[in-house]
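Architecture at a glance
Here's the letter readout for the chains.
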Amino acid sequence: MANRAQIPTKNSALIAMIADEDTVVGFLLAGVGNIDIRRKTNYLIVDSKTTVKQIEDAFKEFTTREDIAIVLISQYVANMIRFLVDSYNKPVPAILEIPSKDHPYDPAHDSVLSRVKYLFSAESVASGRR
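The name given to the protein chain in an unreviewed UniProt entry is V-type proton ATPase subunit F, with Arachis hypogaea as the source organism. Of the protein chain, the UniProt comment under Subunit (unreviewed entry) reads exactly: "V-ATPase is a heteromultimeric enzyme made up of two complexes: the ATP-hydrolytic V1 complex and the proton translocation V0 complex." Per UniProt, the protein chain carries the Function (unreviewed entry) text "Subunit of the V1 complex of vacuolar(H+)-ATPase (V-ATPase), a multisubunit enzyme composed of a peripheral complex (V1) that hydrolyzes ATP and a membrane integral complex (V0) that translocates protons. V-ATPase is responsible for acidifying and maintaining the pH of intracellular compartments."

This part is about the nonpolar core. If you look at the biggest cluster of nonpolar residues, it comprises 20 residues, and the most contacted ones within it are I18, F59 and I73. Secondary structure elements with two or more residues in this core: β1 (14–19), α2 (52–64), β3 (68–74), α3 (75–80) and α4 (82–87). Examining the composition of this core, we find that 4 residues originate from one element, α2, more than from any other. Beyond its immediate chain neighbours, meaning those up to four positions away, I18 contacts L44, V46, I55, A58, F59, F62, V71, L72, I73, S74 and V77. Counting 6 residues, the second-largest nonpolar core is a separate cluster that includes V24, V32, L72 and I98.

Further remarks concern the pairing of β1. Where burial is concerned, most of β1 is hidden: 5 out of the 6 residues are buried. Judged from the 5 bridges that link them, β1 and β3 form a sheet pairing that is parallel. Residue pairing in the sheet places L14 in a bridge with I68 of β3. Where β1 lies against strand β2 (residues 43–45), 3 bridges are found, and the strand directions are parallel. Of the residues in β2, the one forming a bridge with A19 is I45.

This part covers the sheet that holds β1. Strand order in the open sheet formed by 4 strands is β2-β1-β3-β4, with parallel pairing between adjacent strands. Every interior strand has two partners, whereas the edge strands, β2 and β4 (94–98), have only one. Strand-to-strand twist of the sheet, defined as the mean angle between neighbouring strand axes without regard to direction, takes the value 20 degrees. Strand direction decides the pairing type here: β3 and β4, joined by 5 bridges, are parallel.

What counts, and at which threshold
- Residues numbered from 1 in each chain as written.
- Predicted model: local features only at pLDDT ≥ 70, side-chain atom pairs only at ≥ 80, totals over all residues.
- Heavy atoms only, no water.
- UniProt positions renumbered as here; feature names shortened; annotations may be inferred.
- Core = buried A, V, L, I, M, F, W, Y, C linked by side-chain atoms within 4.5 Å.
- Buried < 20%, exposed > 50% of the residue type's maximum accessible area, 1.4 Å probe, protein only.
- Helix = DSSP H or I, 4+ residues; strand = E, 2+ residues; numbered from the N terminus.
- Contact = heavy atoms within 4.5 Å.
- Pairing = 2+ DSSP bridges.
- Axes fitted to C-alpha atoms, helices over the stretch in contact; angles between N-to-C directions.

This is the structure:
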């Protein structure tokens, strides 16, 4: 238990978003948005003008911030930076891929789901069951 990742308890932890405008606005209306004193937000709206570099930078920033517990990322955006999403292996912040209005969810590309399938298949092989 000594190596458990701790979420800051002084303030509530945030949910970060990297997604299309409709998805981000929906979550902002639900109260997820935050702007800190340095004018940094906890979201990135991805549109046709957003570069892959901007998405990579936002992902790296959100996954290293102490005040973020979950990063929600649209699956089609995650596919643009799949190498970063798949190589991320820390428990906090958790990375969750979500569908968007224009791009349906494909479980075959979900990194969390593929890790779960791998763990269950490795566990069943180790225990002699299938």
